Structures are given as structure tokens and as C-alpha cells.
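# Notes for the structure review
Residue strings, one per chain:
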Amino acid sequence: MIHKFSVRSAGVAEPDIRELGRSWELDDLEVWRDYYVEFETDPAPAALADVAAVLGDQLDVEVTVDQPLEQGAVQVAYKRGVVDNESDSIITVCGLLGVKARAGKVATTYRSESPKLRDLVVSTRFNATIEEVHDEEPQYDTLVPQGHYEPAAQHDLRGLDDAALAELGLAGGRNLSLAQMKHVQHVQVTLGDEFVTDVLLEALDARWSDHCAHTTWKSLGSLLGRLVQAAKDVDNPNVLSMFHDNAGVWDFYDGHAIAIKAETHNGPSAISGYFGQLTKLGGVLRDILGTGLSADPIGSFEYTAVGEPEAPAPIAGRPDARRLAGETIRAIKEYGNTFGVPMMSSRMTFHPAYRAKPFALGGSIGLLPVSAAQRGTPRPGDFVVLIGGLTGNEGIHGASASSAGATMDTAAVQIGAPLEQVKFRKALIELREEGCMSALTDVGGAGLNSAVGEIGEACGVWINTALVPLKTAALPMWRILLSESQERMLLAVPPEHQERARKILDKHMVRSTVIGRFADTGRYHVFHAPDLTEEALIASAPDAVPAHQGETGFDVAYDLLDIEVERVEVGPPPRPSGVPSWPSLAPAELAGLLEQVVSDAEIASQHHADSQYDSTVQGNTFYGPHYGTVQQVRTAYWAGTPVAGSPAAAVLNTAFNPWMFDADPVAATRQMFCSAIAGQVLAGVAVHDICMCDNFYTPHLSENWREWLVGMVDELAVLVRHFGVPLISGKDSSAGSVHTDEGLVSVPPAVFLTALGKVPHHDHLLREQWTASDNVLVRIGLSTSSPVGTVAARKLGLGTGALDDLALSDVDSYLTALAASRNLFRSGARIGSGGVAGVLAQGVLASGTGVRLETATTESLFAEHRVGAVVEVAQSDVAVLPAELNPVVLGTLVPGAGIQLDGTDLFTPAARDGWLNSFTARIA
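Read on for an overview of the structure. (Residues numbered from 1 in each chain as written. Predicted model: local features only at pLDDT ≥ 70, side-chain atom pairs only at ≥ 80, totals over all residues. Heavy atoms only, no water.)

To continue, consider empty space enclosed by the protein. Under the defined criterion, the tally for this structure stands at twelve cavities of 30 Å³ or more. Volume-wise, the largest cavity comes out at about 700 Å³. Together, 37 residues line the largest cavity, and Arg347, Thr635, Ala636, Arg830 and Gly832 are the ones closest to its centre. At the level of elements, β12 (296–306), β13 (343–350), β24 (633–634), β26 (649–655), α23 (665–683), β33 (827–830) and α27 (835–847) are the ones that each hand at least two residues to the lining of the largest cavity. Taken together, the residues of the lining of the largest cavity break down into 18 nonpolar, eleven polar and eight charged. One number sums up the size of the second largest cavity: a volume of about 100 Å³. Around the second largest cavity sit 13 residues that line it, and Asn85, Gly389, Leu390, Glu420 and Lys471 are the ones nearest its centre. Taken together, the residues of the lining of the second largest cavity sort by class into four nonpolar, three polar and six charged. (1 Å grid on protein atoms, 1.4 Å probe; cavity = no way out; pocket = protein on both sides within 12 Å on 5 of 7 lines; lining within 4 Å. Points joined across faces, edges and corners; volume = space filled by probe spheres on them. Helix = DSSP H or I, 4+ residues; strand = E, 2+ residues; numbered from the N terminus. Nonpolar A, V, L, I, M, F, W, Y, C, P; charged D, E, K, R; others polar.)

For the coordinates displayed, the defined rule picks out 21 aromatic pairs. Taken together, the ring pairs in this structure connect Tyr303, Tyr354, Phe359, Phe656, Phe661, Tyr697 and Phe752 into an aromatic cluster. Taking the ring centre of Tyr274 as reference, the NZ or CZ of Arg330 above it sits at 3.9 Å. Above the ring of Tyr253, the side-chain terminus of Lys758 is found at 4.8 Å from the ring centroid. (Phe/Tyr/Trp six-rings, centres within 6.5 Å; stacked < 30°, edge-to-face > 60°. Lys NZ or Arg CZ within 6 Å of the ring centre and 35° of its normal.)

The contact between helix α5 (residues 162–170) and helix α6 (residues 178–191) brings their axes to 9 Å, and the two run at 100°. Compared by their axis directions, α5 and α6 come out roughly perpendicular. Facing Asp162, Leu165, Ala166, Leu168 and Gly169 of α5, the residues of α6 in contact are Leu178, Met181, Lys182 and Gln185. Among the residues forming the contact of α5 with α6, the class breakdown is five nonpolar, two polar and two charged. (Axes fitted to C-alpha atoms, helices over the stretch in contact; angles between N-to-C directions. Parallel < 35°, antiparallel > 145°, perpendicular 65-115°, else oblique. Contact = heavy atoms within 4.5 Å.)

In this section: the side chain of Glu864. Position of Glu864 among the secondary structure elements: in the loop between α28 (858–862) and β35 (868–873). Classification of Glu864 as buried rests on a relative accessible area of 0%. Within polar-contact distance, the side chain of Glu864 engages the backbone nitrogen of Gly834 at 2.9 Å. Beyond its immediate chain neighbours, meaning those up to four positions away, Glu864 contacts Asn657, Thr784, Gly789, Thr790, Val791, Ile831, Gly832, Ser833, Gly834 and Gly835. (Buried < 20%, exposed > 50% of the residue type's maximum accessible area, 1.4 Å probe, protein only. Polar contact = N/O pair within 3.5 Å; in protein donor to acceptor, adjacent residues only side chain to side chain.)

What follows covers the pattern of salt bridges. Inspection of every chain in the model, using the stated rule, returns 46 salt bridges. Between Lys4 and Glu137 there is a salt bridge whose closest N-O contact spans 2.8 Å. Taken together, the positions of Lys4 in strand β1 (residues 2–9) and Glu137 in the loop between β6 (131–134) and β7 (154–155) put the pair 133 residues apart, joining distant regions of the chain. The class of Glu137 is partly exposed, set by a relative accessible area of 21%. (Salt bridge = Lys/Arg side-chain N within 4 Å of Asp/Glu carboxyl O.)

Here it is, written out as C-alpha cells:
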């Protein structure tokens, strides 16, 4: 018997619903949740009332039972073959109430008198791959997915010519090249098999994809190897693990370490901003959980670049930039807040090169003991234990499609469920402390195929896909293997710890299933045998390897799974020349330019998004991500104290500017690397206590893309060796070119840098808010005065040209003087987008204090001196600032709240309004 419970607002609608109604221009919009529950027997009215009371256990809601869909309502629910993420929770709740339930389903219903409601819902709140839309009450016979298993397809590759091999390599959404298909043909011949299955084809399509195998980087001469070797040459003793695990690991204090990782989710986010960004954050948090023998996430950060919000999507049917922006904010809020990790840094920007495929970066850091920092190694006989969410028919071809540009569709988009990940977060830490795991890894890109295949290379592995718990009935073997359903982890559990591990997981209400075993075979073996139960598997001998069990997907030696990548030689990248001149502007014109600059998304307040992200959960945030007693302004760094009772702080900042990479990716790489280091040193971190994480996002079809990519990597290797600041984690995304309805659109070749530092005591950190009138503001650091890549240049329409070159010896001198002079600074703010003017405007907004400039020009205000800062010093200390700081006096802090120049206040009310409201106005 199936009953429906509708949980609706009984009073004023929630803020999210009111905001949605405003953005849709529907004043009468209602949104509520419908819960369908299938009971084993028809409950008594009192039992139904108990279930209704629990489902509606919140303020200002009312619950109706078995009320059909109303006129003018539109309902979105998962398709009938998909198990809802909430189904287990509903069953559990009913069981606690003494009512037995088989399954649950949750739908979202929208209602308005407007005839455009359905189109709005379908275009912005609906994923056709996994969801269905109802205008009338749906009729369900059962909520339990039904279906039948389809056996694997068989292909005899022997004797196939090149054309037939190439066609098969691209069939069914695969992206196997002719060279790769010839290698599969070689595998079949070597094994002496009569055929290969689609399971092997799909597994190798994912394994050899650019996402998993980094084929682009390998083809250009082991680019990752160059960065790893540079870090090895530095031999920084803080490095505990780099480029070897799901995240890099950096030594902290008192036996603790910090894991850091960032990754992008660009392809899925272009299809579905909500689900793509939801799993962006979920995936990187899972990377932290899967590092070493598990780290506990203590902070997250994110960066998103989309096209101009006013422009239409360049591919018909794809979401435009405004919709992507709104869905991004909703997704980041829902995952980060639900998971319970503080937001350290969040920023969105608008750049036309990201109109076809956004830049969707998510990052996280986590805490773990030094003793657990090394990646574990499974041992023959260990059980393969899958924990967490169910495996469904989503995220199919996610890894291979994201490596291929614009071929991705909604089938490749993953569906996140943060509460599932919350449950196993603490369970993993307890398993670690109890010594129950030999190794673990997350189940992310390419699903079980990647997780099992990679962790099994240590010795060999076999799994039975029939044991994998499914949320979509009767998936074929290859889809079980390749599904990128979220919130799953894979553990290697020794037999002697299996029962203890099961009890820990049960205590935390985490689903766990033994699906296979590690074996001393050197082979990767996948089969589907419903008759081989989990109990029989657990009871089998540790060295028992199933032979001829059920249907075989493949059984291949690991050395046959490796493939050579053809080397491509490239020359040096082209470099731009010439620098446009800054115009001379009168004070009134400077005021007008300042209004435009502070209204740009690079500088303007993003409180519409930031206010929705929890930055204080866990209670470890010491500084950031905002400061200010009058207005909340974004800080240049975040600091947290993750170890209870310890004053030691982790410090994080980022460096990225797509307009600079547009101009010269190599010069931009140098400026961003040096800017990140200078920001850390200004905050109070010693250079040798800084490491970095790199995230490349590059095109693969635009002119000179290979030259730029190699140039950026080689530049990073030079910088790592020079400063002794190693890159310890990173990720490359090399499919940033997209064929669109308007032609080829390519992202700029670029690298996003995240710096992680540490200080023994948080008292060493320098704040950004101004402290007292009569103190002097001084610009320090290297001069990078070219207008190229600046916000002001975009507003003025200045031409293209070269970025400033930085002499590394000058950077060394500045950093040394900066570290030695910090005792002279009352406050200090890193210069970035908007230049000195941006720092001054935000300083005024945050403190309510004004500044009287001694003199100012367009260049002195708006040039973005990225390896520099604006510091506040006492008047008596100005004279003792060392020459190596290159100090330039800007002016004096004064009562009031303006930026005074020759009697003109450059910071007009319109500029303040632009800073406060322009971002919201563009995306709402």
C-alpha cells in the first residue's frame, strides 16, 4: 500500500522559495515536498498520523495525507527505476515508529497560476535522464525498482579492419581511438579469447580517458613528472605525500598533518549547474576522506567562472550563465552546509571564454595524524568493501565524456546526496583509529572501475558486480562498473577486522557490502554471479579466486592494461609584446572609473552567495573569509586552528585571474605564483612553510594550446625550484574547447593556484582592517604597472599587450624585507583585482574610516601590482621602511568614510551601491 504525505508551508514561505518566486517573477509561487511511502501492510490511521508528524516535524508546516496533485501544479520526481536517496531514511524512520515500509520516494511540487510555470520548472529544475514531470497525480504500483539483467555484449575483434575498429570504439558513447582499439584487439589475441565484452571496452574507455590517464600531459612529455621532479629537487621536509594519493599531505604541528586537494567539474556543470556543482564539492571532500588512511575535512573552497549573465547560452538547450550562477550557489550551499565544513573562500566571476563550459573548481583541506598520512596498500586476502550510497544509472561516461569536449550529455551528470557522505565521515575516522583498513580510496570519476582497478594494482583484485547494491533495477555489468553515483568509498579490509569494521559501519548507519577480494594474481577480474553471495564470499579461503563464476566481464593481467601514448613535440609558446598606455584622468573621471571597477564581479560584494555558505561551523575558523565592522569584505586569506587546544594555524589563499591568462599564460603563471607566496608571507607564513596545489584548465583545439600548456608547466617547475615551494597536489582538465552554435569557444590556457601555509601561533597573523586615523597607507612590493589583464583596462577599453615580467631576484628581495618588516605594519592587504583603488574602497567599506590621498593617477590607482600590498604604518615608521619593500606613500587615514583626492571624494554613493548590489543584480 502506497500513501502520499505532502509537507507544505503553513505560514510565510521559506526564503529560498520567495527568492525563486522573485527570480521567476511568480508572486504566487508555492513549492513543497511530497513523500510517497510504500508500506508492507496498510497502516492504521494512527500510524499514518505518526509518520506524517515525523515528516512534518518543523516549524510552520502542515502535512496532508493522500491529497492528489492540484490544478496548476507541476511535480518533479525521480523516474520509477531510480531509488531516491531518501528511501533508506524513510524506511528507517517508519521502522522506528513501528511501521514496516518497503520503499520511499520524494518529489518536489511547484504551483502557480502562471501558464509559464511548467516551462520554468522543466528548463531550470529538471534532469530528463533521471527525473520525470507530472501534471497529474502519478499512479504507482510499487516504489521498488523493477527490471531484468541484460548480459554483456560480445565482440570478436580478430580480423576487424581499421574502419570497423574505429566505429566500435565510438559506439554507445565511448571515446576509444583507433590506436586504443588496436590495443584492445591485441589484448584479445594475447588472452586467446574468442571475444571481448562491452564491459572491457567500457572499462578501458574510462581507464585510458584523459581524465584518468592524463593522456594529454603524457603526450607532451610527462608534464606531471616535471612538476613532481621539481618538488623532489626542493626536498621540503614538510612534504609527507605528493601526487601519489587522492590529496597531497603537508606536515603541520604536534603529530598532525593537513591534506589538500582541488579538482574541477567543468563538463557536468555545463550540462547541469546544480548537480555538477553539487558533486564538485562532494567529490573533493571525498578525496580528503580517501587520503592516507582517511583525513577529516576541516574546510572547503570553491571558484566558479561562467559567461556573461546577460548573454544567451551558445549551445541550444544548455543552461545560460545566469542559470548556472544561481544553480551553483544553491548547490554549494546545500552540500557544504549539509556536510558541516566551513567555507574558506568562494568566488564567482564572469568571463566570455567560459560561456560554453564553465570553470567549476572545488577544493578542501583535512586533518589527519602524521602516522596515517601515507596511502595504504591492500594485501592479498583483504576484502573489497563498498560503503555509502547506492549505485545507479547516472554519471555514465562522466570521465571519458569530460575528456572529450562537448559530447557530454545529462547521462554523464552525477547526482549528489550529501547526507550519505555525512554518515560515513566519522565512520572512516573510527575505522582508521581501530586499524580496520589496509587502504581506502573514493569512488569518483569512472566509478568502481577506477577505484577498484587502481587500488587493485598493488597485487590483483576480483569483484562480483552482482553484489553491488543498486538504486536502479538490474543494471548491466558495465554500467555497474562505470556508474559515477556519488557518496561511495572503497575499503581494503583484512579478514581479521571484517566483523569489527562491519559493526562500526552499522553503528554509523553506513551501508557496506563485501563485493570482492584482493588476490596475489596481478590481474583485474570482473564478473557477475548472483549465486555467489556476500556470506559465501566472506567464508571463502583468503587465496580462493573464483573461476568460471557467473558471467565474466574481463580477467586481464594489469601489464596488458597499459598503453603507450604517442609523444608530441612542441616549441616555445608565442609571447605578446607592447603595452597600452594608461590615460590621464581628472578626479571626477577617476571617480567614475572607480564606480565601474568596484561594481565588477572581481571586486564587488558577493554577499548574495557568501551569506548562504556557513563559514563558522566546526568552530575552527580563526580569520576569514570576510572581515569588517561596517561592511563584510572578502579577506585575502583564510586561517583556521584545526587542532583542539592548539594555537597553530593553517593559512590558505588562492591566485587566479582569467584575463591575465588570456593575455600571456606563462607570464600570468609567474605573477600568480609569486602573488600567492607574497600573500602568505604578508599574512605571517615563512616561505619554507608554504606548499601549493595546481589546477590546470586548458583548451584542446585552439591555436598554440600545446605550447602554452608546456610553457606553464615548465614555468611552474622553475618557480618551485627557485622558491622551494613545492606543488604537492593537482589536477589537469584539458578539454576546454567546445564546438557551439556560434563556432568554436575555448577557455584561456590557465592554472588556478592554491597556497597552503602554517604558523605555530595565530597571533603571528596580520589582519587587513585599518586600525586608526592618522596612520599612513603605503604601497609596497613589485610594480606590475601594465594595464593588460586589469579590471580598469576592460572598463576603459584599452588594447591588448604584454604583462609585466618579474625578476625572481627582485621577488626574493621583497619577500625577505617583507618578512623582516611585518612588526612595522598595523594592517596589510594584498593587492589584486582593482589595484590600489580596489584595496582602498574595500578598506573604507570594512572600517568606516576614510583616506586622504597625497596624489593619484589612473595608473597609481588602478594598476594591479599583484606582488604587492597596501600596508598601514604609523607616521613615525614610514621613514624606516626598507628600500627593498619599494615603499610608495599613498595617503593618510582620516575620519569619515571616503577616498579624498584634491577635495573630491572618489568613492561616490553610486560606487558604494554598485559594490553592494551589482553582483546580485546580474544573476538574479
